[in-house]
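Residue-level listing of the chains:
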Amino acid sequence: MNQLPRPVLLLDVDGPLNPCHARPEVRPAGYRPHRAEPVWACGASVEVWLDEAHGERLRALPFDLVWATTWQDCANRWIGPVLGLPPLPFVALPGPAVWRPDDTSPKTWAIVSWAAGRPFAWVDDDIGEADRAYVAAQHPGPALLHRVHPGRGLVETDFEVLATWARRLGR
Ligand SMILES: [Mg+2]
């Protein structure tokens, strides 16, 4: 029997790991502020709130971790080390001029293309019905599109959903 390859967990930064829509004075428990200077900030310093415990939780999941974020490779410099994650591959995202289906996230086409049929779970705060429809139509393998609230970030139930989904794949 052919066994499916180990699934990929595609990770967004702003929303799931950095609860950027939380009110500044009411950040979720466990998060601490960090400064970062990603390329997209054009030399400016930005503040991100990260929960250092997330790294261990993510590494314990039966997935290969991959960044799917506008931070792209900058996540390996500014986010991964805080969480204790090794350098991870990242999905190269298209510029605004690249074609994408109407109403899908700018990431959706790039993720489906990158995955090339491999099972994946995608964790993001910006997943909508158009993204689900596009993945269902274009991605031949199993896929879980899991939306995380950007005011809350990843919580226990999110990790449980991911682990349960992977278990159903035989992981
Ligand atoms: Mg996001």
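Residues numbered from 1 in each chain as written. Predicted model: local features only at pLDDT ≥ 70, side-chain atom pairs only at ≥ 80, totals over all residues. Heavy atoms only, no water.

Student: Before we go on, may I ask you to explain the side chain of T108 in this structure?
Tutor: Mapped onto the secondary structure, T108 falls in helix α4 (residues 108-115). What T108 contacts, discounting residues up to four positions off in sequence, is W122, D131, Y134 and V135. (Helix = DSSP H or I, 4+ residues; strand = E, 2+ residues; numbered from the N terminus. Contact = heavy atoms within 4.5 Å.)

Student: Which parts of the structure should I look at to understand the nonpolar core?
Tutor: The nonpolar side chains of a soluble globular protein tend to be buried with one another. With 31 residues, the main nonpolar core has L9, L58, W67, W71 and I79 as its most contacted residues. Looking at this core, the elements that each hand over two or more residues are β1 (8-11), β3 (46-50), β4 (64-67), α2 (74-78), β5 (120-124) and α6 (156-168). If near-sequence neighbours (up to four positions away) are discounted, W71 is found in contact with V13, D14, A36, P38, W40, V46, V48, W78 and I79. Judged by nonpolar contacts, the second largest core, of 16 residues, contains L93, F120, I127 and V135. (Core = buried A, V, L, I, M, F, W, Y, C linked by side-chain atoms within 4.5 Å. Buried < 20%, exposed > 50% of the residue type's maximum accessible area, 1.4 Å probe, protein only.)

Student: Just checking my understanding: could you explain helix α5 (residues 129-138) for this structure?
Tutor: Residues lying three or four places apart along an α-helix face the same way, a consequence of the helix completing one turn every 3.6 residues. Of the positions making up α5, those classed as buried are D131, Y134 and V135. Angular distribution of buried residues about the axis of α5 spans 95 degrees; they occupy a single face of the element. Counted as exposed and oriented over 90 degrees from the buried face of α5: E129, A136 and A137. Tucked inside the fold, the buried residues of α5 contact α4, β5 and β6 (143-147). (Arc of directions from axis to C-beta.)

Student: Please explain the coordination of the magnesium ion as it appears in this structure.
Tutor: Looking at the metal site, the magnesium ion is ligated by D12 (OD), D14 (O) and D125 (OD), spaced 2.1 Å from it. Mapped onto the sequence, the residues coordinating the magnesium ion show the spacing D-x1-D-x110-D. Under the relative-accessibility criterion, D12 is labelled buried at 4%. What makes D14 partly exposed here is its relative accessible area of 21%. (Donors = N, O, S within 2.8 Å, 3.2 Å for Na, K, Ca; no water.)

Student: Just to check I follow, could you spell out the pattern of salt bridges for this structure?
Tutor: A pair can form between side chains of opposite charge whenever their charged atoms are brought close. Enumeration according to the criterion identifies nine salt bridges in this entry. A salt bridge links D12 to K107; the shortest N-O distance between them is 2.9 Å. Separated by 95 residues along the polypeptide, D12 in the loop between β1 and β2 (32-36) and K107 in the loop between α3 (80-83) and α4 bring together distant segments of the chain. Considered together, D12 and K107 belong to a single accessibility category, that of buried residues. With a closest N to O distance of 2.6 Å, D64 and R118 form a salt bridge. Pair noted here: D64 is in strand β4 and R118 is in the loop between α4 and β5, with a separation of 54 residues, a long-range link. For D64, a relative accessible area of 30% corresponds to the partly exposed category. Beyond isolated ion pairs, a larger network of salt bridges with shared partners links R6, D64 and R118. (Salt bridge = Lys/Arg side-chain N within 4 Å of Asp/Glu carboxyl O.)

Student: What's the story with the packing of α4 against α5 in this structure? I'm lost.
Tutor: To describe two helices that pack against each other, one gives the angle between their axes and the distance between the axes. At a minimum axis distance of 10 Å, the contact between α4 and α5 shows a crossing angle of 25 degrees. Compared by their axis directions, α4 and α5 come out roughly parallel. As for the relative orientation of α4 and α5, their crossing is right-handed in sense. Only D131, Y134, V135 and Q138 of α5 make contact with α4, whose side of the interface consists of T108, W109 and V112. Of the residues contributing to the contact of α4 with α5, the split by class is four nonpolar, two polar and one charged. (Axes fitted to C-alpha atoms, helices over the stretch in contact; angles between N-to-C directions. Parallel < 35°, antiparallel > 145°, perpendicular 65-115°, else oblique. Left-handed = near helix turned anticlockwise from the far one by under 90°. Nonpolar A, V, L, I, M, F, W, Y, C, P; charged D, E, K, R; others polar.)

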